[in-house]
Amino acid sequence: ETGVTQTPRHLVMGMTNKKSLKCEQHLGHNAMYWYKQSAKKPLELMFVYSLEERVENNSVPSRFSPECPNSSHLFLHLHTLQPEDSALYLCASSQDFSRPGNTIYFGEGSWLTVV
Amino acid sequence: DAKTTQPNSMESNEEEPVHLPCNHSTISGTDYIHWYRQLPSQGPEYVIHGLTSNVNNRMASLAIAEDRKSSTLILHRATLRDAAVYYCILRSGGSNYKLTFGKGTLLTVNP
C-alpha cells in the first residue's frame with residue numbers, strides 16, 4: 001500500500017466509448033501526476049497538477065482530459081481512444097511538485113485496453 | 001535534462017549482495033539522485049535518494065561517488081522479491097522538477 005489508489009485496475013473500452021480513470025491519494029500531498037507506460041517503453045509523464053492547478057501538459061492528445069477537483073483526487077477522462085493508447089496508466093503524488101528531494105508515490109496502475 | 005546510464009540487465013543469486021551501477025556524468029550541483037524499482041505488473045516503488053552523502057534505509061544503501069558522476073545502489077542480501085527493473089533518475093528543482101524514467105536495469109535473482 002503506497003497511499004495512492006487507482007480504479008479500475010483493468011479497463012477494456014471501444015474506440016467510441018467514454019470512460020474515466022480515477023486516482024485518490026491519502027497522503028496529504030499537494031502534487032499529483034499521470035504517467036503512461038506502453039509496452040517496452042519508458043514511463044512518460046502526461047500531466048502534473050499542483051494544488052488542483054495543471055502545471056504540465058506534456059503534448060498529450062486532447063482525447064485524454066485530466067481533471068483535479070481537489071488535491072486528493074485526480075481523474076483521466078478518456079474518449080475516442082485508439083488501439084495504440086492501450087497501456088498502463090499510472091497515477092502518482094508527492095508533497096510538492098518542484099522540490100527535487102521529494103519522494104513520488106505511485107499507484108498500482110490501471111491497465112487499459114482499447115479495442 | 002541530465003541523463004543517466006545503466007546496464008540493461010544484471011543477474012544475482014539469492015542472499016548475495018547486489019551492486020547496481022549508474023553513471024550520470026552531466027549531473028548538476030542541485031540534482032538529487034533517486035532510485036525507484038518496478039516489480040512486474042506494478043507501479044514504480046521508491047527505493048532511496050541522495051544528494052551528496054551516502055544514504056542507508058531499510059531497503060538499500062546508496063553510494064555516491066565523490067565527484068557525483070556515478071552512484072551505486074546496494075541491495076545487501078538479494079531476495080527473489082527484489083527481481084525488478086531498477087531506475088536511476090536525476091531530479092532537479094524549480095522548472096526542471098520532472099522525474100524522467102529511462103529504461104532501467106532488469107535485475108534477475110536466481111534461487
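This report concerns the structure included in the present document. Residues take numbers from 1 onward in each chain, read along the sequence in its written order. Whichever chain is written first becomes A and whichever ligand is written first becomes 1, with later ones labelled in order. Reporting in this predicted model follows two pLDDT cut-offs: at least 70 for local features of residues, and 80 or more for side-chain atom pairs to be given and counted; totals over whole chains, interfaces and linings ignore these cut-offs and use all residues. Remark: hydrogens and water are excluded; side-chain values derive from all non-hydrogen atoms of the structure.

A look at the packing of aromatic side chains
At step 1: Pairing of aromatic side chains requires ring centres within 6.5 Å, counting the rings of Phe and Tyr and the six-membered ring of Trp. Pairs whose planes differ by under 30 degrees are stacked, by over 60 edge-to-face, and all others tilted. Throughout the structure, instances matching the rule amount to 9 aromatic pairs over all chains.
At step 2: Ring geometry for Tyr35(A) against Phe106(A): centres 5.4 Å apart, planes inclined by 55°, an arrangement best described as tilted. Here the residue Tyr35(A) occupies a position in strand β4 (residues 31-37), and Phe106(A) occupies one in strand β10 (residues 105-106), the gap between them amounting to 71 residues.
At step 3: Each residue is assigned to one of three classes by its accessible area relative to the maximum for its type, calculated with a 1.4 Å probe on protein chains only: buried under 20%, partly exposed between the two thresholds, exposed over 50%. Residue classification places Tyr35(A) among the buried residues on the basis of a relative accessible area of 1%.
At step 4: Taking 6.1 Å as the distance between ring centres and 85° as the angle between the ring planes, the aromatic pair formed by Phe106(A) and Tyr36(B) counts as edge-to-face. With Phe106(A) in strand β10 and Tyr36(B) in strand β3 (residues 32-38), the pair connects residues from two separate chains.
At step 5: Take Phe106(A): its relative accessible area is 2%, and that puts it in the buried class.
At step 6: Of the aromatic side chains, those joined through ring pairs into one cluster are Tyr33(A), Tyr35(A), Phe106(A), Tyr36(B), Tyr46(B), Tyr87(B) and Phe101(B). Under the scheme used here, helices are H or I runs from DSSP no shorter than 4 residues and strands are E runs no shorter than 2 residues, and both carry numbers assigned from the N terminus.

As for the environment of Asn8(B)
All names here are of chain B.
At step 1: For Asn-8, the location among the structural elements is in the segment before β1 (9-13).
At step 2: Residues Asn-8 and Asn-23 lie 15 residues apart in sequence; the distance between their C-alpha atoms is 13 Å.
At step 3: We call two residues in contact when some of their heavy atoms are within 4.5 Å. With residues near it in sequence (within four places) discarded, Asn-8 still touches Gly-104, Thr-105 and Leu-106.

Examining the nonpolar core
At step 1: Residues belong to a common nonpolar core when they are buried Ala, Val, Leu, Ile, Met, Phe, Trp, Tyr or Cys residues joined through side-chain atoms within 4.5 Å. Ranked by size, the top nonpolar core spans 22 residues in total, and within it Trp34(A), Phe64(A), Leu76(A) and Leu78(A) carry the most contacts.
At step 2: Looking at this core, the elements with two or more residues in it are β2 (10-13), β3 (18-25), β4, β5 (44-50), β7 (64-70), β8 (73-79), β9 (87-94) and β11 (110-114) of chain A.
At step 3: Core analysis: the next-biggest nonpolar cluster, separate from the first, contains 21 residues, Val18(B), Leu73(B), Leu75(B) and Val109(B) among them.

Description of the side chain of Ser12(B)
Residues and elements named next belong to chain B.
At step 1: Within the secondary structure, Ser-12 sits in strand β1.
At step 2: The class for Ser-12 is buried, based on a relative accessible area of 7%.
At step 3: Setting aside residues no more than four positions away along its own chain, Ser-12 makes contact with Pro-17, Val-18, Ala-78, Leu-107, Thr-108, Val-109 and Asn-110.

Comments concerning the interface of chain B and chain A
At step 1: Tallying the contact residues gives 22 residues for chain B and 26 residues for chain A.
At step 2: Pairing of N or O atoms within 3.5 Å defines a polar contact, subject to two protein rules: one partner must be a possible hydrogen donor and the other a possible acceptor, and residues neighboring in sequence count only if both atoms are side-chain atoms. Remark: the boundary between chain B and chain A carries 7 residue pairs in polar contact (both at pLDDT 80 or more).
At step 3: Within the residue set of the side of chain B that touches chain A, elements represented by two or more residues are β3, β4 (45-50) and β8 (84-91) of chain B.
At step 4: Looking at the side of chain B that touches chain A element by element, the count peaks at 4 residues for β3(B).
At step 5: Ten residues, namely Ala, Val, Leu, Ile, Met, Phe, Trp, Tyr, Cys and Pro, are considered nonpolar, four, namely Asp, Glu, Lys and Arg, are considered charged, and the remaining ones, Gly among them, are considered polar. Along the lines of polarity and charge, the residues of the side of chain B that touches chain A split into 8 nonpolar, 11 polar and 3 charged.

Here we look at the state of the cysteines
A covalent bond between the sulfur atoms of two cysteines is what we call a disulfide.
At step 1: Note that a disulfide, as used here, is simply two cysteine sulfur atoms within 2.5 Å. All told, the structure shown has 2 disulfides over all chains when counted by the stated rule.
At step 2: Each disulfide pairs two cysteine sulfurs, and for Cys23(A) the partner residue is Cys91(A), the sulfurs being separated by 1.9 Å. Residues Cys23(A) and Cys91(A) share a disulfide whose torsion about the S-S bond is about -75°; that sign makes it left-handed. Placement of the pair is Cys23(A) in strand β3 and Cys91(A) in strand β9, with a sequence separation of 68 residues. Neither residue differs from the other here; Cys23(A) and Cys91(A) are each classed as buried.
At step 3: In this model Cys22(B) forms its disulfide with Cys88(B); the gap between the sulfur atoms is 2.1 Å. Disulfide Cys22(B)-Cys88(B): torsion about the S-S bond near -80°, hence left-handed. Of this pair, Cys22(B) sits in strand β2 (residues 18-23) while Cys88(B) sits in strand β8, and the two are 66 residues apart along the sequence.

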